[in-house]
Amino acid sequence: MQQDFYIKDWVKIKDGKISNSKSEIFNSSEKNLDFFLKSVYDFLELKYPKFHKMDGLSKLGILGTEILFRKNSISTDTALILSNNASSLETDRQFQESTKTFASPALFVYTLPNIVLGEVSIKFKLQSENAFFIAESFNAELLKNYTESLLTSGKSSEVLCGWLNLQNGEYDVFLCLISPEINISFSEESLKNLYFAEND
Amino acid sequence: MKKLYLLDDAIISPLGFSIEENISAIREGKSGLQLQQKPEITENSFYAGIIDESPLNDAFKAIRNPKKYTKLEKMMLLAVQQILNKNPNLNLAETALVITTTKGNINLLKDPGNFLEIRLKLSELGKVIANFFGFILKPIIVSNACISGGLGLAVTRRLGSIGKLKNALVVGGDLVSDFVVSGFNSFQALSQEACKPFSRDRNGISLGEAAAAMLVSIDKPESSGNIALIGDSTVNDANHISGPSRTGEGLYQSIQKALKEASISTTEINFLSAHGTATIYNDEMESMAFHRSGLQNTPLHSLKGYFGHTLGASALIESIVTKHSMLKNHLYSSKNFGELGVSKSLNIIQQNGEKQINYALKTASGFGGCNLALVFKKE
């Protein structure tokens with residue numbers, strides 16, 4: 001029997017604004033990425049010292065998941081399925097620059113896009129399925145299909161899936177929590193509608 | 001979950017540009033690793049498996065102008081071309097293209113040469129390969145550290161199981177770029193000798209570059225003697241982003257879940273293709289996970305002494321070699337193994353041998369705490 005899945009909640013971080021399925025929760029005119037990330041960290045009263053050593057992509061991932069997971073109880077087998085276009089290129093450039101003097105191991109660790117999945121897993125103690133996909137643009141079809149395959153096969157009871165892109169200081173984050181719990185119907189169209197709303 | 005059948009495959013590596021050359025080099029104990037000097041990056045010499053560009057260009061000339069493609073693209077395109085040559089009737093309009101890599105064309109960051117900046121992007125790498133052959137479906141690009149190549153097979157099986165694809169070409173590749181050499185060197189993770197997985201005197205990894213491709217299908221081939229992926233799982237350690245879990249928890253759980261899905265017990269696994277990077281902590285972690293899984297008597301090897309660590313290609317290449325091991329019932333020795341140097345006993349293959357292999361397990365682990373287990377069956 002085909003089981004139905006739903007978008008239990010979502011969060012979007014873009015252009016200084018943070019919103020979720022209920023409302024806008026944060027708005028800042030700060031243009032500098034590092035200052036913006038710090039202001040969100042302070043707003044959330046996060047108190048997670050490890051945050052400060054992370055690269056921008058991981059910080060965005062931690063902030064987004066924190067907002068989602070605070071509002072929703074999650075199980076340890078919640079899968080993490082993320083995608084983006086720029087991979088870890090923002091940090092890759094910084095690491096490449098460091099090689100002109102002393103190559104930085106602290107930067108090198110973050111030159112893989114899936115490191116954010118590790119950081120989120122550590123913060124929320126998730127021992128679960130992970131995958132990071134790269135795509136030219138928001139890949140609703142793949143995210144929907146892969147999420148569905150994990151849920152229907154029973155590999156995961158819930159899935160956090162979404163888009164987490166950072167390039168040239170511009171960030172575009174859209175994360176969804178997918179579960180059997182009834183809320184917004186889970187489909188390629190609904191993912192696209194939510195992602196593209198106010199995103200054009 | 002449906003089974004995923006492993007059909008034709010190709011490996012482009014320093015050991016050769018055909019599957020036959022690569023498998024026979026392993027049988028003969030040849031290594032692709034050579035001493036490298038890169039004084040502009042590191043004063044220490046190191047071993048790595050690097051493909052000579054001149055024979056690569058010669059091989060590539062047969063299909064297209066080598067100047068228009070990066071080294072990695074040439075390697076990956078050649079691998080795919082070999083499979084398409086063997087399968088002229090494959091319908092590319094309904095064949096998925098799954099690309100697995102950690103860093104793609106990252107070498108262009110330092111020296112773009114004649115290539116546009118966009119060529120750095122992994123999405124562009126996907127486009128180049130898709131357009132070269134005329135794949136219609138959007139490429140699926142997996143970049144999940146050193147489990148990428150194997151995860152590409154698992155992703156294909158999962159999407160195939162819910163009816164989203166039938167056939168796929170899974171392609172993996174990574175380079176020994178100055179970027180990764182600098183990075184692993186900054187980590188002090190590069191061995192100054194050829195790497196020695198699971199050995200007492202192991203002291204770090206040797207990097208390698210390679211491309212591999214594998215044609216896979218959800219539909220069972222008509223011919224007999226097939227290898228199928230029947231169980232797969234990834235579990236994150238949730239412990240540390242660059243160091244493996246001391247207890248091997250994520251890998252242990254991955255193995256348990258993959259075996260459960262395959263509905264077999266540990267004792268039925270005839271052969272284990274380990275990750276075995278030859279860093280102190282990785283190999284120790286694997287020994288813990290294997291021991292906890294009851295795999296201490298199962299013959300195992302690491303192929304890193306032959307190819308080096310080929311990053312996003314490694315788990316795909318090792319799955320391909322596993323497939324050929326299973327079909328021929330051959331056990332290949334774990335190159336450069338000396339005396340066991342992990343705290344739990346393991347059955348490391350020290351000499352080539354013969355064994356009926358009905359079930360095999362392939363594992364991989366990587367930065368970000370990721371782990372993967374794949375169960376293959378001969379039928």
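Per chain, residues are indexed from 1 in the order of the written sequence. Written order decides the labels, with chains lettered from A and ligands numbered from 1. Local features in this predicted model are restricted to residues of pLDDT 70 or higher, and side-chain atom pairs are both shown and tallied only at a pLDDT of 80 or more, whereas totals for entire chains, interfaces and linings draw on every residue. As a convention, hydrogens and water are excluded, and side-chain values are obtained from all of the structure's heavy atoms.

Naming follows an unreviewed UniProt entry, where chain B appears as Beta-ketoacyl synthase of Salegentibacter mishustinae. Here chain B is described in UniProt, under the heading Sequence similarities (unreviewed entry), as follows: "Belongs to the thiolase-like superfamily. Beta-ketoacyl-ACP synthases family." UniProt positions are given in the numbering used here, feature names are shortened, and annotations may be inferred rather than shown by experiment.

Taking an unreviewed UniProt entry as the reference, chain A is identified by name as 3-oxoacyl-ACP synthase belonging to Salegentibacter mishustinae.

All names here are of chain B. The source of the domain bounds is an automatic or database domain assignment. The domains assigned to chain B are domain 1 (4-217) and domain 2 (227-378). With 63 residues of domain 1 in contact, the opposing surface of domain 2 contributes 65 residues. Overall, the association of domain 1 and domain 2 removes approximately 5000 Å² of surface from exposure, summing both partners, and the carbon and sulfur fraction of that is 66%. Buried area is a sum: the accessible area each of two parts loses on coming together, probed at 1.4 Å, counted once for each and added. When the buried surface of domain 1 facing domain 2 is broken down by residue, Ile26, Phe198 and Arg202 rank first, second and third, together holding 18% of it. The contact criterion used throughout is that any non-hydrogen atoms of two residues lie within 4.5 Å.

The feature "domain: Ketosynthase family 3 (KS3)" (unreviewed entry), as given by UniProt, occupies residues 1-378 of chain B in the numbering adopted here. In residues 1-378 of chain B, helix accounts for 30% and strand for 21%; the two terminal C-alpha atoms are 17 Å from one another. Only DSSP runs of H or I reaching four residues or more are called helices, and only runs of E reaching two or more are called strands; each is numbered from the N terminus.

Let us look at the interface of chain A and chain B. Listed per partner, the contact involves 49 residues of chain A and 48 residues of chain B. Salt bridge, as used here: a side-chain nitrogen of Lys or Arg that lies within 4 Å of a carboxyl oxygen of Asp or Glu. For the interface between chain A and chain B, the tally reads six salt bridges. Polar contacts, as used here, are pairs of N or O atoms within 3.5 Å; protein pairs need one atom able to donate a hydrogen and one able to accept it. Residues neighboring in sequence count only if both atoms are side-chain atoms. At the boundary of chain A and chain B, one finds 22 residue pairs in polar contact (both at pLDDT 80 or more). Broken down by secondary-structure element, the contributors of at least two residues to the side of chain A that touches chain B are helix H3 (89-98), helix H4 (105-108), helix H5 (115-124), strand S5 (130-134) and helix H6 (140-152) of chain A. In terms of residue count, H6(A) provides more of the side of chain A that touches chain B than any other element does, seven residues in total.

Further remarks concern the packing of aromatic side chains. A pair of Phe, Tyr and Trp rings is counted when the ring centres sit within 6.5 Å of each other, with Trp represented by its six-membered ring. The angle between the planes then sorts it: under 30 degrees is stacked, over 60 is edge-to-face, the rest tilted. Applying the stated rule across the entire model yields 25 aromatic pairs over all chains. A ring pair is formed by Tyr41(A) and Phe51(A), whose centres lie 4.8 Å apart and whose planes are at 25°; its orientation type is stacked. Highlighted residues: Tyr41(A) in helix H1 (residues 33-43) and Phe51(A) in the loop between H1 and helix H2 (56-71), separated in sequence by 10 residues. Phe51(A) carries the same exposure label as Tyr41(A), and that label is buried. Between Phe138(A) and Trp163(A) the ring centres are 6.3 Å apart and the planes differ by 90°, which places this aromatic pair in the edge-to-face class. Taken together, the residues Phe138(A) in the loop between S5 and H6 and Trp163(A) in strand S6 (residues 159-167) connect sequence positions 25 residues apart. Each member of the pair, Phe138(A) as well as Trp163(A), is classed as buried. Pairwise contacts between aromatic rings join Trp10(A), Phe138(A), Trp163(A), Phe174(A), Tyr195(A) and Phe196(A) into one cluster. Sitting over a ring, as applied to charges here, requires NZ of Lys or CZ of Arg to be within 6 Å of the ring centre and within 35 degrees of the ring normal. Above the ring of Phe132(B), the side-chain terminus of Arg64(B) is found at 3.8 Å from the ring centroid. Above the plane of the ring of Tyr252(B) lies Arg292(B), whose end atom (NZ or CZ) is 4.2 Å from the centre. In this scheme, a residue with accessible area under 20% of its type's maximum is buried, one over 50% is exposed, and one in between is partly exposed, where area comes from a 1.4 Å probe on protein chains only.

Let us look at unusual backbone geometry. All names here are of chain B. The backbone of Ser263 shows a phi angle near 55°, a positive value even though the residue is not glycine. Examined against the element boundaries, Ser263 turns out to sit in the loop between helix H7 (249-262) and strand S10 (271-273). Of the residues examined, Ser263 reaches a relative accessible area of 63% and is grouped as exposed.

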